[in-house]
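Understanding the architecture of this molecule
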Amino acid sequence: MGVRRRALAGLAVSEGGGRRPDPAFWNGKRVLLTGHTGFKGSWAAVWLHRMGALATGLALAPDQTPSLFELAGVGELIESHILDVRDRAAVADLVGSRDWDLVIHMAAQPIVRASVEDPVGTFGANVMGVAHLLDALRGQRPQAVLVVTSDKVYANEETARAFAEADALGGKDPYSASKAAAEIVTASYARTFFARSGVPVATGRAGNVIGGGDFSRDRLISDIVRAARAGTALELRHPEATRPWQHVLDCVAGYLVYAETLAQDPAAPRAVNFGPAEGAPVTVGALADTALKAFGVDRPWRHTPDPASVEARHLSIDTTLARRALGFSSRLDGGQAVAMTMDWYRDQARGADPRRLTLDQIALYESLP
């Protein structure tokens, strides 16, 4: 069992992948990782533990069943605290009770449709959660603070052009608006409270992420896996929509490399996009076709329109700054990302240990040229 190099056979690694997370940097570092019970947070927690970091997690209990956090026993690898970032006193008690070397803030309400159902809760988690965390850190001097936002922070007029970091912020739905607001909150705290002490506070803006262990609602890959296991047809709301898909390992690697850079280079930019290897954005329908084939499913998807949807039709981001300022770009192309993702789910269904699968894919990623 475990990841196999067959997942990468015949697929070219993207050129210029450059830097990857440095275990020597992270070993022994006291890292506060919020959102460690989520999909990306669980991958980050496992990777940090593998590199010898002393990570502490802060998040709500998993909101999906099953969850990678529970399947991989993430709570056994790092110090885990279950609490709500909307609870200012609880955040202050934990964050202010010790010193941190690095802070990576991933805790959020991450689903667009859920933000329409509960806009106030989304703004509470995604805006006030950031404010609560940064406020609790005001008396400390970590080497760097990285707040994770989204590619959806930009004012999207559906022109299909790739957004760069200097573009205007916006948001037509509560999720996108909450993430744009989180950018403004982060910048205001950085200038007002952290600039004098020299603590770099920055934001990382990532595209849509796929990878093994995501069982969230309203996510393409998890919807594919659920439909395949239930023997039902996959339903797509917007098969024509384009997204900057990338594998979770490329995304998390970008965050970690960015945090390293912030800690070591005072001139590092304070907002960076992270997205897929070079190439045109891929439609939801095209990615679904590839993933279904990789998963061995010959049942076609069907289009189920959602006329009330507020989701963007076109999203693309420019990752030039990540390459120039951080020496980083994604290493996996779309075929590799899908192959590794579906391998994880297939092997997990056959009884492979989810933690071992996750660690093996991290090791494989680290070994790429």
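The coordinates are above.
The paragraphs below set out a description of the structure included in this document. (Residues numbered from 1 in each chain as written. Predicted model: local features only at pLDDT ≥ 70, side-chain atom pairs only at ≥ 80, totals over all residues. Heavy atoms only, no water.)

Overview of the packing of aromatic side chains
Here the structure, examined in full by the defined rule, presents nine aromatic pairs. Plain terms: the ring middles of tryptophan 47 and tyrosine 365 are 5.8 Å apart, the flat faces sit at 85° to each other, and that makes the pair edge-to-face. Of this pair, tryptophan 47 sits in helix 2 (residues 39–50) while tyrosine 365 sits in helix 13 (residues 354–367), placing them 318 residues apart in sequence. Both residues of the pair, tryptophan 47 and tyrosine 365, belong to the buried class. These aromatic residues form a ring-pair network of at least three members: Tyr255, Tyr258, Phe274 and Phe328. The ring of phenylalanine 25 carries the charged tip of lysine 29 above its face, separated from the ring centre by 4.3 Å. Between arginine 138 and the ring centre of phenylalanine 193, over which it is positioned, the NZ or CZ distance is 4.0 Å. (Phe/Tyr/Trp six-rings, centres within 6.5 Å; stacked < 30°, edge-to-face > 60°. Helix = DSSP H or I, 4+ residues; strand = E, 2+ residues; numbered from the N terminus. Buried < 20%, exposed > 50% of the residue type's maximum accessible area, 1.4 Å probe, protein only. Lys NZ or Arg CZ within 6 Å of the ring centre and 35° of its normal.)

What to know about unusual backbone geometry
With an omega of -5°, the peptide bond running from threonine 65 to proline 66 counts as cis. Along the chain, proline 66 falls in the loop between strand 2 (54–59) and helix 3 (68–71). The phi angle at aspartate 218 is positive, at roughly 60°, despite the residue not being glycine. Given the relative accessible area of 21%, aspartate 218 is considered partly exposed.

Describing the pairing of strand 5 (residues 144–148)
The element strand 5 is extensively covered by neighbouring structure, given that five of its five residues are classed as buried. By the alternation rule, side chains of strand 5 split into Ala144, Leu146 and Val148 and Val145 and Val147, which are all buried. Strand direction decides the pairing type here: strand 4 (residues 102–105) and strand 5, joined by four bridges, are parallel. Considered in strand 5, the bridge of isoleucine 104 is made with leucine 146. Bridging between strand 5 and strand 6 (residues 201–206) involves four bridges; their strand directions are parallel. Bridging from a neighbouring strand, valine 145 pairs with valine 201 of strand 6. Each parallel crossover has a hand, and the one from strand 5 via helix 7 (residues 174–194) to strand 6 is right-handed. (Pairing = 2+ DSSP bridges. Right-handed = clockwise from strand over helix to strand, strands pointing away.)

A word on helix 2
Taking 1.5 Å of rise per residue, twelve residues should cover 16 Å, and helix 2 covers 17 Å from first to last C-alpha, within 8% of that figure. With respect to burial, helix 2 is a largely interior element, nine of its twelve residues being buried. A positive backbone phi angle near 90° is found at glycine 52, which sits one or two residues after helix 2. (Expected span 1.5 Å × (residues − 1).)

Notes on the pattern of salt bridges
Inspection of every chain in the model, using the stated rule, returns 24 salt bridges. Between aspartate 135 and arginine 88 there is a salt bridge, and its shortest N-O distance comes to 3.3 Å. Placement of the pair is aspartate 135 in helix 6 (residues 119–136) and arginine 88 in helix 4 (residues 88–95), with a sequence separation of 47 residues. When the shortest N-O distance is used, the salt bridge between glutamate 183 and arginine 205 registers 2.8 Å. You can see glutamate 183 sitting in helix 7 and its partner arginine 205 sitting in strand 6, a full 22 residues away along the chain. Of the two residues, glutamate 183 and arginine 205, both sit in the buried class. Three or more residues joined by partner-sharing salt bridges are found here, namely Arg113, Glu117, Arg217, Asp218, Arg237, Asp306 and Glu311. (Salt bridge = Lys/Arg side-chain N within 4 Å of Asp/Glu carboxyl O.)

A closer look at the nonpolar core
Within the largest apolar cluster, 78 residues are counted, with the highest numbers of intra-cluster contacts made by Trp26, Trp43, Trp47, Leu48, Leu220, Ile224 and Phe274. Of the residues forming this core, the biggest block, eleven residues, is contributed by helix 9 (residues 248–264). If we skip the residues at most four places from it in the chain, tryptophan 43 touches Leu68, Gly212, Val248, Leu249, Val252, Trp344, Thr358, Gln361 and Ile362. Ranked by size, the runner-up nonpolar core spans 27 residues in total, among them Leu83, Ala90, Ala107 and Phe194. (Core = buried A, V, L, I, M, F, W, Y, C linked by side-chain atoms within 4.5 Å. Contact = heavy atoms within 4.5 Å.)

What to know about the packing of helix 8 (residues 220–230) against helix 12 (residues 334–349)
Geometrically, a packed helix pair is captured by the angle between its two axes and the distance between the axes. At a closest axis distance of 11 Å, the pairing of helix 8 and helix 12 adopts a crossing angle of 40°. Helix-helix and strand crossings are classified by hand; for helix 8 and helix 12 the assignment is right-handed. Contacts between helix 8 and helix 12 involve Ile221, Ile224, Val225 and Arg229 from the former and Thr341, Met342, Tyr345, Gln348 and Ala349 from the latter. (Axes fitted to C-alpha atoms, helices over the stretch in contact; angles between N-to-C directions. Left-handed = near helix turned anticlockwise from the far one by under 90°.)

A look at the environment of alanine 177
Mapped onto the elements, alanine 177 comes out in helix 7. Put simply, alanine 177 and alanine 155 are 22 residues apart on the chain and 9.2 Å apart in space, counted from C-alpha to C-alpha. Apart from residues lying up to four places away in sequence, alanine 177 is in contact with Phe123, Gly170 and Gly171.

Some details on the environment of lysine 172
As for its position among the elements, lysine 172 is in the loop between strand 5 and helix 7. A residue is classified by how much of its surface remains accessible, and lysine 172, at 61% relative accessible area, is exposed. As a C-alpha pair, lysine 172 and lysine 152 span 20 residues in sequence and 9.5 Å in three-dimensional space. Leave out the neighbours within four places in its chain, and lysine 172 touches Asn156 and Glu157. Of the polar contacts made by the side chain of lysine 172, one reaches the backbone oxygen of asparagine 156; its length is 3.0 Å. (Polar contact = N/O pair within 3.5 Å; in protein donor to acceptor, adjacent residues only side chain to side chain.)

Examining helix 4
Taken as a whole, helix 4 has its buried residues at Ala90, Val91, Leu94 and Val95. Viewed along the axis of helix 4, the buried residues span an arc of 115°, placing them on a single side of the element. Exposed residues on helix 4 whose side chains face more than 90 degrees from its buried face are Arg88 and Asp93. For helix 4, the secondary structure elements touched by its buried residues are strand 1 (30–34), strand 2, strand 3 (79–82) and helix 6. (Arc of directions from axis to C-beta.)

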